[in-house]
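Structural features, examined
Chain by chain, the residues run as shown.
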Amino acid sequence: MSAKTNANVIIGGKVYTLSGYESEEYMQKVAAYINMKINEFEEVEHLRRLPAEMKSRLLELNIADDYFKEKEQAMHLEEDLEARNKENYHLKHELVSFQLKLEDMEKALAEQEKENKELLLAKTKLETALEDALLGKVEPMGKK
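Residues numbered from 1 in each chain as written. Predicted model: local features only at pLDDT ≥ 70, side-chain atom pairs only at ≥ 80, totals over all residues. Heavy atoms only, no water.

**Re the environment of Ala 108**
Along the polypeptide, Ala 108 turns up in helix H3 (residues 52–134). Given a relative accessible area of 38%, Ala 108 falls into the partly exposed group. As for Ala 108 and Val 15, which are separated by 93 residues in sequence, their C-alpha atoms are 79 Å apart. (Helix = DSSP H or I, 4+ residues; strand = E, 2+ residues; numbered from the N terminus. Buried < 20%, exposed > 50% of the residue type's maximum accessible area, 1.4 Å probe, protein only.)

**Points about H3**
With 83 residues, H3 should cover 123 Å at 1.5 Å per step; its first-to-last C-alpha distance of 118 Å lies within 8% of that length. Once H3 ends, the next one or two residues include Gly 136, with phi positive near 85 degrees. (Expected span 1.5 Å × (residues − 1).)

**Notes on the pairing of strand S1 (residues 5–11)**
Residues Thr 5, Ala 7, Val 9 and Ile 11 line the buried face of S1, whereas the alternating positions Asn 6, Asn 8 and Ile 10 sit on a face that is not buried. Looking at chain direction, S1 and strand S2 (residues 14–20) are connected through seven bridges and run antiparallel. When the sheet's bridge partners are listed, Asn 8 is paired in S2 with Thr 17. In this antiparallel pair of consecutive strands, S1 and S2, the connection spans two residues, and Gly 12 shows a positive phi of 60 degrees. (Pairing = 2+ DSSP bridges.)

**What about helix H1 (residues 24–43)?**
In an α-helix, one turn spans 3.6 residues, which is why side chains three or four residues apart end up on the same side. The terminal C-alpha atoms of H1, which comprises 20 residues, lie 29 Å apart, in line with the 28 Å expected from a rise of 1.5 Å per residue. Turning to H1, its buried residues number three or more, namely Met 27, Ala 31, Lys 37 and Phe 41. Looking straight down H1, one finds that the buried residues subtend no more than 115 degrees of arc, so they occupy a single side. For H1, the exposed residues lying more than 90 degrees away from the buried face are Glu 25, Lys 29 and Glu 43. Contact partners of the buried residues in H1: S1, S2, helix H2 (45–48) and H3. (Arc of directions from axis to C-beta. Contact = heavy atoms within 4.5 Å.)

**Observations regarding the side chain of Thr 5**
Take Thr 5: it is sitting in strand S1. A polar contact is formed between the side chain of Thr 5 and the backbone oxygen of Glu 22, at a distance of 3.2 Å. If near-sequence neighbours (up to four positions away) are discounted, Thr 5 is found in contact with Leu 18, Ser 19, Gly 20, Glu 22, Ser 23, Glu 24 and Met 27. (Polar contact = N/O pair within 3.5 Å; in protein donor to acceptor, adjacent residues only side chain to side chain.)

Next up, the structure:
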């Protein structure tokens, strides 16, 4: 657990001392967000004329709305990430399967090439034997 941090922040023109386990930078960031929301309300003419309590409630609702929208977006992003992770898993599995098939095909190809060389050698021997027989170098079969 990290040490407790105290930070002086300005919210709505007033200084507040925040205390927590987050960094001072984080606490300043939160205060800046709240100030941004307050400024958004101050820019709208009809909201400026509302009583302070009503402005506070609207500000709270606005911040809660932001929170729930961000939370929903995060949930959708997590679902998307999970779907992509599953797709990646399946693609990796498929890749491994294709790699194994490729290795098997390469082995089969090597065996076929070896057999082809052996057949070509046998063919050459048979052609030579036939040529010798036709030229009379080899005694025809059956004659002694």
